[in-house]
Amino acid sequence: MLTQLDPRHLVALLDADPDIGVGVPADEAELARSRAVAAVMELEPPSWDTAPIAARAEAGWLGLFVLDGLLIRRVEVGKRPACELFG
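Residues numbered from 1 in each chain as written. Predicted model: local features only at pLDDT ≥ 70, side-chain atom pairs only at ≥ 80, totals over all residues. Heavy atoms only, no water.

For the protein, the helix and strand inventory stands at 3 helices and 4 strands. When the helices and strands of the protein are listed from N to C terminus, the series reads β-α-α-β-α-β-β. Taken across its 87 residues, the protein has 7% of its residues classed as buried. Expressed as a percentage of contacts within the protein between residues at least 6 apart in sequence, the contacts between residues at least 24 apart total 35%. Working note: accessible area of the protein is about 7,600 Å², and carbon and sulfur atoms make up 55% of it. (Helix = DSSP H or I, 4+ residues; strand = E, 2+ residues; numbered from the N terminus. Buried < 20%, exposed > 50% of the residue type's maximum accessible area, 1.4 Å probe, protein only. Contact = heavy atoms within 4.5 Å. Areas by Shrake-Rupley, 256 points an atom, 1.4 Å probe, with all protein chains shown as cover.)

Turning our attention to the confidence of the model for the protein. Looking at the protein, pLDDT values average 78 and 70% of them are 70 or higher. Model confidence for the protein, summarised as mean pLDDT per element, is weakest for helix α3 (residues 51-56) at 65 and strongest for helix α2 (residues 29-35) at 93. Low pLDDT, under 50, characterises residues 1-5; the stretch is placed with 6 contacts to residues that sit more than four places away or in other chains. (pLDDT = per-residue confidence, 0-100.)

Our focus in this paragraph is the pattern of salt bridges. One side chain can pair with another of opposite charge once the charged atoms of both are near each other. Evaluated as defined, the whole model comprises 2 salt bridges. A salt bridge links D15 to R33, with the shortest nitrogen-to-oxygen separation between them at 2.6 Å. Here D15, found in helix α1 (residues 13-16), pairs with R33, found in helix α2; they are 18 residues apart in sequence, far enough to count as distant. Relative accessible area serves as the criterion here: at 45%, D15 is assigned to the partly exposed category. Look at R33 and you get partly exposed, because its relative accessible area is 32%. Between R33 and E30 there is a salt bridge whose closest N-O contact spans 3.9 Å. (Salt bridge = Lys/Arg side-chain N within 4 Å of Asp/Glu carboxyl O.)

Little of strand β4 (residues 80-85) is tucked away: 0 of the 6 residues are buried. In terms of strand pairing, strand β3 (residues 72-77) meets β4 through 6 bridges, oriented antiparallel. Bridge pairing in β4 links V77 to R80. The hairpin formed by β3 and β4 contains 2 residues between the paired strands, and G78 there has a positive phi angle of roughly 70°. (Pairing = 2+ DSSP bridges.)

The following block contains the structure:
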């Protein structure tokens, strides 16, 4: 449950990326801001495992929201290696 998370490690997504709040009516913006929060996890390159993140996530979590930096995944397309850019 969200209330069990340490509030020092939460971010209001509408503050971090105001563009995702476009279209939210002004009278609902504060409620949306208070509900659209996520736990902050700092990850170091070059590689990391998503299993611990998934294990800590609540049922129904949506995924990762990159606040700073980018994610690239190495994939194979046919027999050719390629990179998939996430954000």
